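Observations on the model geometry
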Amino acid sequence: AQYRAADDASFKSRLAARFVVAKIANTRTLLLRAHRENPENEGANAIRSASVYLADTLGSLKETLPLESVRGKEGDAARMYFSVFDHLILMDKKDFVFRGRSRRPPMDNVNAMLSFLYTLLAHDCVSAIECVGLDPAVGFLHADRPGRPSLALDLMEEIRSVIVDRIVLSLINRKQVKASGFEQSDVGGVTMNDATRKILLTNYQERKQDELIHPFLQEKIRMGLLPYAQSMLLARYLRGDLDGYPPYRWK
């Protein structure tokens, strides 16, 4: 059923849009919370403007769009979100400056933390997808490439800001990580020492123990079970047991 669905262009674009809607809604929720908690932040106007942009983008995704248009909306929304991410960093601004997303290698301390935790989350999504009998390599939003867990990356879009971005911001703003835990490599990328990686791992595992009420299942689950819950719902949708796929929307 998954392979048939992935070959259906219309189905593929509709499902991809569901992942994107949840991603944009959840990143917008993070921005709104940050604005509420720190209304005097010097970046308050930029955060508010980004939230409005994300809301408008969500509205445009209510209509059926081709897959490339969905991907374009996702890319534009991600750039807008990360354009104000630096305003969410309130402590040690000199050592933890964020000028945009960089990967392979991450070019600053914040990106090093994000990339490390995104990798952990991707592995958890792969495991969850395999547990429910789906193929992590066959995605809908992300194009299939050899060795790429495209479906895991699709699923991860919904929850990366809810889990990873919040951990990174919390560790920096609570001064639980220090600049001394990062090192610039010869090729320009930034790596973390073992002690800093341990701090991130510990906080990631603790975050996974937090409990929430799943908005669709209406059951209390641990945050760490979100990838499994969403994989299970996706499998039920692909089998035809659900009329639509309910992505995770953070409240």
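In the block above lies the structure referred to throughout.
Residues numbered from 1 in each chain as written. Predicted model: local features only at pLDDT ≥ 70, side-chain atom pairs only at ≥ 80, totals over all residues. Heavy atoms only, no water.

**Considerations on the overall build of the protein**
Counting its regular elements, the protein contains eight helices and four strands. Overall, the protein shows an N-to-C arrangement of helices and strands of α-α-α-α-α-α-β-β-α-β-β-α. Relative to its length of 251 residues, the protein is compact, with a C-alpha radius of gyration of 18 Å against a globular reference of 18 Å. Overall size of the protein, expressed as C-alpha extent along the three principal axes, is 50 × 40 × 40 Å. Classification of the 251 residues of the protein by burial places 52% in the buried group. The long-range fraction of contacts in the protein, counting pairs at least 24 apart against all pairs at least 6 apart in sequence, stands at 62%. Counting only carbon and sulfur atoms, one obtains 49% of the accessible surface of the protein, whose full area is about 12,400 Å². Placing the 36 positive and 31 negative side-chain charges of the protein at their respective mean positions leaves the two points 3 Å apart. (Helix = DSSP H or I, 4+ residues; strand = E, 2+ residues; numbered from the N terminus. Rg over C-alpha atoms; globule rule 2.2 N^0.38 Å. Buried < 20%, exposed > 50% of the residue type's maximum accessible area, 1.4 Å probe, protein only. Contact = heavy atoms within 4.5 Å. Areas by Shrake-Rupley, 256 points an atom, 1.4 Å probe, with all protein chains shown as cover. Lys, Arg positive; Asp, Glu negative; His and termini not counted. Charge placed at Lys NZ, Arg CZ, Asp CG, Glu CD.)

**Focus on the side chain of Asn-26**
For Asn-26, the location among the structural elements is in helix H2 (residues 9-37). Taking relative accessible area as the criterion, Asn-26 reaches 0% and is therefore assigned buried. Excluding anything up to four places from it in sequence, Asn-26 contacts Glu-158, Ser-161, Val-162, Tyr-248, Arg-249 and Trp-250.

**Points about the packing of aromatic side chains**
If you walk through the whole model with that rule in mind, you get nine aromatic pairs. Note on Tyr-81 and Phe-82: the rings are 5.0 Å apart at their centroids and 55° apart in plane angle, and the pair reads as tilted. Taking the relative accessible area as the measure of exposure, Tyr-81 reaches 3% and is therefore buried. Overall, the relative accessible area of 14% leaves Phe-82 in the buried class. Here the aromatic residues Tyr-81, Phe-82, Phe-85 and Phe-98 are joined through ring pairs into a cluster of three or more. Here Arg-160 stacks its cationic end above the ring of Tyr-118, 4.4 Å away from the centre of that ring. (Phe/Tyr/Trp six-rings, centres within 6.5 Å; stacked < 30°, edge-to-face > 60°. Lys NZ or Arg CZ within 6 Å of the ring centre and 35° of its normal.)

**Observations regarding the side chain of Thr-196**
The residue Thr-196 is located in helix H7 (residues 194-209) in this model. Polar contacts involving the side chain of Thr-196 include one to the main-chain carbonyl oxygen of Gly-181, which spans 3.3 Å. Sequence-distant contacts of Thr-196, defined by excluding residues within four places in its chain, comprise Val-177, Gly-181 and Phe-182. (Polar contact = N/O pair within 3.5 Å; in protein donor to acceptor, adjacent residues only side chain to side chain.)

**Thoughts on the packing of H2 against helix H4 (residues 67-83)**
Viewed as axis vectors pointing N to C, H2 and H4 meet at an angle of 15°, and their least axial separation amounts to 9 Å. The pairing of H2 with H4 is recorded here as roughly parallel in orientation. Considering how the two elements wind past one another, H2 and H4 form a crossing that is left-handed. Contacts between H2 and H4 pair Lys-12, Ser-13, Ala-16, Ala-17, Val-20, Lys-23, Ile-24, Thr-27, Leu-30 and Leu-31 from the former with Leu-67, Val-70, Lys-73, Glu-74, Ala-77, Ala-78 and Tyr-81 from the latter. Considered class by class, the residues forming the contact of H2 with H4 number eleven nonpolar, two polar and four charged. (Axes fitted to C-alpha atoms, helices over the stretch in contact; angles between N-to-C directions. Parallel < 35°, antiparallel > 145°, perpendicular 65-115°, else oblique. Left-handed = near helix turned anticlockwise from the far one by under 90°. Nonpolar A, V, L, I, M, F, W, Y, C, P; charged D, E, K, R; others polar.)

**Brief notes about the layout of surface pockets**
Taking a probe equal in size to a water molecule and rolling it over the atoms shows the remaining empty space. What the largest pocket holds in volume is close to 1,000 Å³. Along the wall of the largest pocket there are 33 residues; nearest its centre are Arg-103, His-142, Arg-148, Leu-153 and Arg-160. Within the residue set of the lining of the largest pocket, elements represented by two or more residues are H2, H4, helix H5 (109-131) and helix H6 (150-173). Broken down by element, the lining of the largest pocket gets its largest block of residues, eight residues, from H4. Partitioned by chemical class, the residues of the lining of the largest pocket number twelve nonpolar, nine polar and twelve charged. Residue lining of the second largest pocket: 22 residues in total, with Arg-166, Ile-167, Leu-169, Ser-170 and Arg-174 positioned closest to the centre. (1 Å grid on protein atoms, 1.4 Å probe; cavity = no way out; pocket = protein on both sides within 12 Å on 5 of 7 lines; lining within 4 Å. Points joined across faces, edges and corners; volume = space filled by probe spheres on them.)

**A word on the nonpolar core**
In this structure, Phe-85, Val-110, Met-113, Leu-114, Leu-117, Phe-140 and Leu-234 are the most contacted members of the largest nonpolar core, which totals 82 residues. Top contributing element to this core by residue count: H6, with 14 residues. Leave out the neighbours within four places in its chain, and Val-110 touches Phe-85, Ile-89, Phe-96, Val-97, Phe-98, Val-168 and Ile-172. (Core = buried A, V, L, I, M, F, W, Y, C linked by side-chain atoms within 4.5 Å.)

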